[in-house]
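In case you want the letters, here they are:
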Amino acid sequence: MAGVFGAYSKSGKPVIEEVYLGLYALQHRGQESAGIAWIESGRVAATKGIGLLHNAIDQQTLVEKNAHFAIGHVRTKPVDSSRLQSVMPLGANYARGAVAIAHDGLVTNAKELVAQLEQRGAIFQSSASSEVILHLMAQKSHMQQLDAFVDAMRRLEGSFSVTAVIDGALVAARDPWGFMPLVIGEREDTLYVASESCALDIVGAKLVRDVAPGEILVVDEKGMRSLRIPHETERCMRCSFEYVYTARPDSVIDGRSVYEARKEMGRRLAAQSPCAEADIVCGMPDSGTIAGLGYAEESGQTFEMGIVRNRYIGRTFIQPTQKVRELGVKIKLNPISEVFSGKKAVIVDDSIVRGTTAERIISVIRESGADEVHMRIASPPVRFPCRYGIDTARSETLAAVRMTLEELRAKIDADSLDYVSEEDLVAAIGIPADQLCTACFSGRYIEGDERAKGASK
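A quick note: this is a predicted structure, and the numbers were derived from the prediction, not measured. (Residues numbered from 1 in each chain as written. Predicted model: local features only at pLDDT ≥ 70, side-chain atom pairs only at ≥ 80, totals over all residues. Heavy atoms only, no water.)

Asker: Just checking my understanding: could you explain the sheet that holds strand 13 (residues 223–228) for this structure?
Answerer: The strands that make up a sheet are held in pairs by hydrogen bonds between backbone atoms, and each pair lies either parallel or antiparallel. In space, the 6 strands of this open sheet follow the order 5-6-7-8-12-13, with antiparallel pairing throughout. Every other strand in the sheet has two partners, leaving strand 5 (90–94) and strand 13 as the edge strands with one partner each. The sheet shows a mean angle of 20° between the axes of neighbouring strands, taken without regard to direction. Where strand 5 lies against strand 6 (residues 97–107), 5 bridges are found, and the strand directions are antiparallel. When the bridges of strand 6 are listed, Leu90 appears paired with Ile101. Of the strands in this sheet, strand 5, strand 6, strand 7 (158–166), strand 8 (169–174), strand 12 (215–220) and strand 13 touch helix 5 (residues 145–155), which is tilted by about 170° from strand 7. (Pairing = 2+ DSSP bridges. Helix = DSSP H or I, 4+ residues; strand = E, 2+ residues; numbered from the N terminus. Axes fitted to C-alpha atoms, helices over the stretch in contact; angles between N-to-C directions. Contact = heavy atoms within 4.5 Å.)

Written out as structure tokens, the structure reads:
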């Protein structure tokens, strides 16, 4: 999981600080590394580092940079991202010029492409799929840079939203299925691309539209134009987990407000699985809060902000090891005893992946004096690994695979446990079922994607 941001000023105004700010708005998509790249004197220049954005990049060093187009990236990937050469954007200066690339997503045929490229003499320095794109371009040195980029996009399978600086242009591409979100923004003479529309808000840009599935967007001194990635199907498969968990609630993805989608998930969950005996409803901060509001609104029960989140702690779901996750839960969430004492509470969360957070938060809520704790989940059980972008590891680590509903209820020590149905999830998101990827819930991977199917076993 990652976030990408790019900017191009047609008047030549510096944009690197704006890229930095855009990455701040995307910090929820990646907390282990950050980087910004641009072209300087005909060669790739970059600043990058490990950790949260403010630790990885010194903002003061950006003030003197005058690049009028640049890209940035924040990333979550365990262990290997500690190697600085794997931190994106990745850049290269080859026969056709300078190019820097960053991406969000998972290229499912990356290993196959790496093997092919290595047989032709390519030497890889990182674990990032962006380096595959660089090598694919370099081995087409007879092509113009943009043509080589389009040809590289054609070779990729899986999910990706890519940003690049190529031959004096800002270039962005979204995979033909549309798994990963990517939007276009505009403010005065500057055009932007970003993983989510919330990053446009922070720089004062208005949302123009989403990058279409299979579209390659080119922004240069001539303006903005579109190309297409050749693909055998026009079918789209947007990631449902973006609406459940990944995206910020103030984002709009493919025309659908994430806030409204999550609230509707809560409403439908309350209708499907009411808890009449409950005194209060609480949402698990942050991604369960809005579903909790919807649940309380539909049920007519009192909504309380009974769980306080430490704003300086990262997302426990995407931290790299189970040990760190367990420690993270203890310091991340704190229930308010005055809210829970003597009460029967419904706790609404976005999902249960491994079960660590649910078990520990229920334990501390009971310690706060709650008489009963009923767990309601605003997405179906996660039973299959995501092979297109979200790190949900292997099937055997998933709570809904290892245990029945009753076993999981007992494990997390809830008085009751229920999930929203897949049908209600799809209806809440408001995108047709045949255009929405629910593989992590249903196991229905893309038809013909043998890599994804095999990887899930």
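Once you've had a look at it, read on.
Asker: What am I meant to see in the sheet that holds strand 17 (residues 280–283) here?
Answerer: Strand order in the open sheet made by the 5 strands is 18-17-21-22-23, with parallel pairing throughout. Where the open sheet ends on each side, the last strands, each with one partner, are strand 18 (302–303) and strand 23 (416–419). Running over the sheet, helix 12 (residues 356–367) touches strand 21 (344–349) and strand 22 (372–377) and is turned about 150° from strand 22. Strand contacts of helix 14 (residues 405–412): strand 22 and strand 23, with the helix running at about 125° to strand 23, the strand carrying the most contacts.

Asker: I keep staring at the packing of helix 8 (residues 258–272) against helix 15 (residues 422–429) and nothing clicks. Help me out?
Answerer: The description of two packed helices rests on the angle between their axes and on the distance between the axes. Packing of helix 8 against helix 15 leaves a shortest axis separation of 8 Å and a crossing angle of 145°. When you trace helix 8 past helix 15, the crossing you get is right-handed. Here helix 8 contributes Ala261, Glu264, Met265, Arg268 and Gln272 to the contact with helix 15, which in turn contributes Asp424, Leu425, Ala427, Ala428 and Ile429. Tallied by class, the residues present in the contact of helix 8 with helix 15 amount to 6 nonpolar, 1 polar and 3 charged. (Left-handed = near helix turned anticlockwise from the far one by under 90°. Nonpolar A, V, L, I, M, F, W, Y, C, P; charged D, E, K, R; others polar.)

Asker: It is not clear to me how the pattern of salt bridges should be interpreted in this structure. Could you clarify?
Answerer: A side chain with one charge may pair with a side chain of the opposite charge, provided their charged atoms come close. Tallied over the full model, the rule gives 25 salt bridges. Measuring nitrogen to oxygen at the nearest pair gives 2.9 Å for the salt bridge that ties Arg225 to Asp220. Assessed through its relative accessible area of 11%, Asp220 is described here as buried. Salt-bridge contacts for Arg309 lead to Asp286; the nearest nitrogen and oxygen are separated by 3.2 Å. Remark: Asp286 occurs in the loop between strand 17 and helix 9 (289–299) and Arg309 occurs in strand 19 (residues 307–309); sequence separation between them is 23 residues. On the accessibility criterion, Arg309 (15% relative accessible area) is buried. (Salt bridge = Lys/Arg side-chain N within 4 Å of Asp/Glu carboxyl O. Buried < 20%, exposed > 50% of the residue type's maximum accessible area, 1.4 Å probe, protein only.)

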